[in-house]
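Structural overview for review
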There are 2 protein chains.
Amino acid sequence: MTVPLEPFGKPRGERADAARNRERLLEAARAMIAEQGTRHVTMDALAERAGLGKGTVFRRFGSRAGIFQALLDDDERRFQERVLSGPPPLGPGADPAQRLDAYGCARIPFLLEHHAIARAAVDRTLPVPAGAASMTQPHIRMLLGQAGLPPAHLDGLAVQLTAALEGPLLLYLSVEEVPEPPAPEAPHLLVEGWRFLIGRLLAG
Amino acid sequence: MTVPLEPFGKPRGERADAARNRERLLEAARAMIAEQGTRHVTMDALAERAGLGKGTVFRRFGSRAGIFQALLDDDERRFQERVLSGPPPLGPGADPAQRLDAYGCARIPFLLEHHAIARAAVDRTLPVPAGAASMTQPHIRMLLGQAGLPPAHLDGLAVQLTAALEGPLLLYLSVEEVPEPPAPEAPHLLVEGWRFLIGRLLAG
DNA sequence: AACAAAAGCGGGGTGAAGTCCGCTTATGCT
DNA sequence: AGCATAAGCGGACTTCACCCCGCTTTTGTT
């Protein structure tokens, strides 16, 4: 499951001023996103708004994407918690097929809810599973193995199913093409697709 | 299948000098890629190497990604040809399950062979299936429909399977992580994964 | 051949990400 | 408290994609 020890810009013995500035920057980022959307969060504007230098922003977060990863981090960690030790079928206890199904049913709404920030958090110069978001692939791989799929296919399938699950929301669909489901409880198209896919994959 | 009529920078009544310059630019781009890789193909360097102004590069190709799309265009068109009117199982004639299987078996090597350029051709400000590469999703959708999958799932599954097929090579794996298969005829991990996935999906 | 209109050209300008390095400040030790 | 040192800071600088718009060349017309 590979929890990154140092999510982003949170070194172990962080100096007090550094911690304060990190909070200030995240706060400023949240405000700017709420007011104008992620597109207008530029490094210069963010630094100015937080009353800090641009160098500081990069020192804390490494890149533009890093800011959004940090913003996502808390929620991502909570999600991971639910998967690792929450109640079944998402958490351990249910059989692998159910857990895989449940994972998609939880993950897609999670990404929908955070889609603006999640999209901004992908670092376009790195392979996608950057930051804390990288839980998906190993988890899927593990469940596929437990479900008894042939070991020779596990690596390929894990990559492909990760792409099938997260790719559409992170990369393949533009922001306008991500409509919330009309009725709040109506299942999303992608959720239904995922359930169908997983159902068939693990049926044999 | 939606063949884009005007692939990139190839207007119908193109002036003679424009056509010549387009060729020059593509030629320079090929040379630069061969010498130094896609990363060093900057708009300034490309313009200078071709002996033209930077404005011209943008007029011809619209964006950096456009250059790589144009480079891919011929091969992409040939691939499309094979799918639309080549021999089965890739072309029409075989049953949908076979065609879907064959599509992945052909598409993955195609992307592997072109991966450097294909990656550079994705426009990171647009939803991914930009340019001529957008054939995949509608084709998959059509075949899924012909295979008798429930219409309610077609849209979701088509997006997800497209992501499963192309996402890993275009987006999810870094360049270093895309090793050619050790033995030239050994099937790639992703090909095997795809065949397995499609086999299960259409088995029921 | 001369002309008008359209198409194309070029390169300076802009905005944004990311780097660098000398200066400042917190921290832990004595 | 005073000091040495490492951590942090800031903002000028570089690089790059992309825009803009006045000038030049081609082309179709007469």
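Residues numbered from 1 in each chain as written. Chains lettered and ligands numbered in written order. Predicted model: local features only at pLDDT ≥ 70, side-chain atom pairs only at ≥ 80, totals over all residues. Heavy atoms only, no water.

Another point: the UniProt feature "DNA-binding region" (unreviewed entry) in chain A. The feature "DNA-binding region" (unreviewed entry), as annotated in UniProt, sits at residues 42–61 of chain A in this numbering. End C-alpha to end C-alpha, residues 42–61 of chain A measures 13 Å, and it is 80% helix and 0% strand. (UniProt positions renumbered as here; feature names shortened; annotations may be inferred. Helix = DSSP H or I, 4+ residues; strand = E, 2+ residues; numbered from the N terminus.)

Looking now at the protein's contact with DNA strand D. The immediate surroundings of DNA strand D are formed by 21 residues, with Arg15, Asn21 and Thr56 of chain A together with Lys54 and Arg64 of chain B found nearest. Asn21 of chain A is positioned with one of its side-chain polar atoms (N or O) 2.3 Å from a phosphate oxygen of DNA strand D. Separating a phosphate oxygen of DNA strand D from a backbone N or O atom of Ala16 of chain B is a distance of 3.2 Å. Going through the elements one at a time, helix H1 (16–36) and helix H3 (54–61) of chain A together with helix H1 (16–36) and helix H3 (54–61) of chain B are the ones with two or more residues in the surface near DNA strand D. The leading source of residues in the surface near DNA strand D is H3 of chain A, at 5 residues. Considering only residue class, the surface near DNA strand D consists of 6 nonpolar, 6 polar and 9 charged. (Near = heavy atom within 4 Å. Polar contact = N/O pair within 3.5 Å; in protein donor to acceptor, adjacent residues only side chain to side chain. Nonpolar A, V, L, I, M, F, W, Y, C, P; charged D, E, K, R; others polar.)

Before going further, it helps to spend a moment on the relation of the copies chain B and chain A. Superposing chain B onto chain A takes a rotation of 179° plus a shift of 0.1 Å along the axis, which leaves an RMSD of 0.1 Å. The superposition operator between the copies reduces to a two-fold rotation axis. Relative to the rotation axis, the closest C-alpha in chain B is found at Ala164 of chain B, a distance of 2.3 Å. Interface overlap between copies: 100% of the residues of chain B at the interface are likewise at the interface in chain A, consistent with a symmetric, same-surface contact. (Least-squares fit on C-alpha atoms with pLDDT ≥ 70 in both. Contact = heavy atoms within 4.5 Å.)

It is worth spelling out the nonpolar core at this point. Inside soluble globular proteins, nonpolar side chains tend to come together where they are buried. Residues Leu46, Leu144 and Leu161 of chain A together with Leu46, Leu144 and Leu161 of chain B are the most contacted members of the largest nonpolar core, which totals 113 residues. Non-local contacts of Leu144 of chain B, meaning those with residues more than four positions away in its chain, are made with Leu100, Leu149, Leu154, Leu157, Ala158, Leu161, Leu201 and Leu202 of chain B. (Core = buried A, V, L, I, M, F, W, Y, C linked by side-chain atoms within 4.5 Å. Buried < 20%, exposed > 50% of the residue type's maximum accessible area, 1.4 Å probe, protein only.)

What follows concerns the pattern of salt bridges. Tallied over the full model, the rule gives 26 salt bridges over all chains. Its salt-bridge partner being Arg107 of chain B, residue Glu76 of chain B comes within 2.7 Å of it at the nearest N-O pair. In this pair, Glu76 of chain B sits in helix H4 (residues 64–85) while Arg107 of chain B sits in helix H5 (residues 96–113), placing the two residues 31 residues apart along the sequence. By sharing partners, the salt bridges in this structure join Glu14, Arg22, Glu23 and Arg60 of chain A into a single network. (Salt bridge = Lys/Arg side-chain N within 4 Å of Asp/Glu carboxyl O.)

All names here are of chain A. By the definition in use, this model includes 4 aromatic pairs over all chains. Ring centres 5.8 Å apart and planes at 70° place the aromatic pair Phe79 and Tyr103 in the edge-to-face group. Of this pair, Phe79 sits in helix H4 (residues 64–85) while Tyr103 sits in helix H5 (residues 96–113), and the two are 24 residues apart along the sequence. Measuring from centroid to centroid gives 4.9 Å for Phe79 and Phe110, while their planes differ by 40°, and the two rings are tilted. One end of the pair, Phe79, is in helix H4; the other, Phe110, is in helix H5, and 31 residues separate them in sequence. Here the two residues Phe79 and Phe110 agree in accessibility, since each one is buried. An aromatic cluster is present here, built from Phe79, Tyr103 and Phe110 joined pairwise through their rings. Above the ring of Phe79, the side-chain terminus of Arg107 is found at 4.9 Å from the ring centroid. (Phe/Tyr/Trp six-rings, centres within 6.5 Å; stacked < 30°, edge-to-face > 60°. Lys NZ or Arg CZ within 6 Å of the ring centre and 35° of its normal.)

What follows is about the protein's contact with DNA strand C. Among the 20 residues in the neighbourhood of DNA strand C, the closest are listed as Met43 and Lys54 of chain A together with Arg15, Asn21 and Lys54 of chain B. Counting only the atoms of DNA strand C within 4 Å of the protein, the fraction contributed by sugar and phosphate is 56%. In the environment of DNA strand C, a base nitrogen lies 2.7 Å from a nitrogen or oxygen atom belonging to the side chain of Arg15 of chain B. Of all the elements in the fold, those that place two or more residues in the surface near DNA strand C are H1 and H3 of chain A together with H1 and H3 of chain B. Counting residues per element, the surface near DNA strand C draws most heavily on H3 of chain B, which supplies 5 residues. A class-by-class count of the residues in the surface near DNA strand C yields 5 nonpolar, 6 polar and 9 charged.

With 18 residues, H5 of chain A extends 26 Å from end C-alpha to end C-alpha; this agrees with the ideal 26 Å at 1.5 Å per step. With a side-chain oxygen lying 3.0 Å from the backbone nitrogen of Ala97 of chain A, the N-terminal cap of H5 of chain A falls on Asp95 of chain A. (Expected span 1.5 Å × (residues − 1).)

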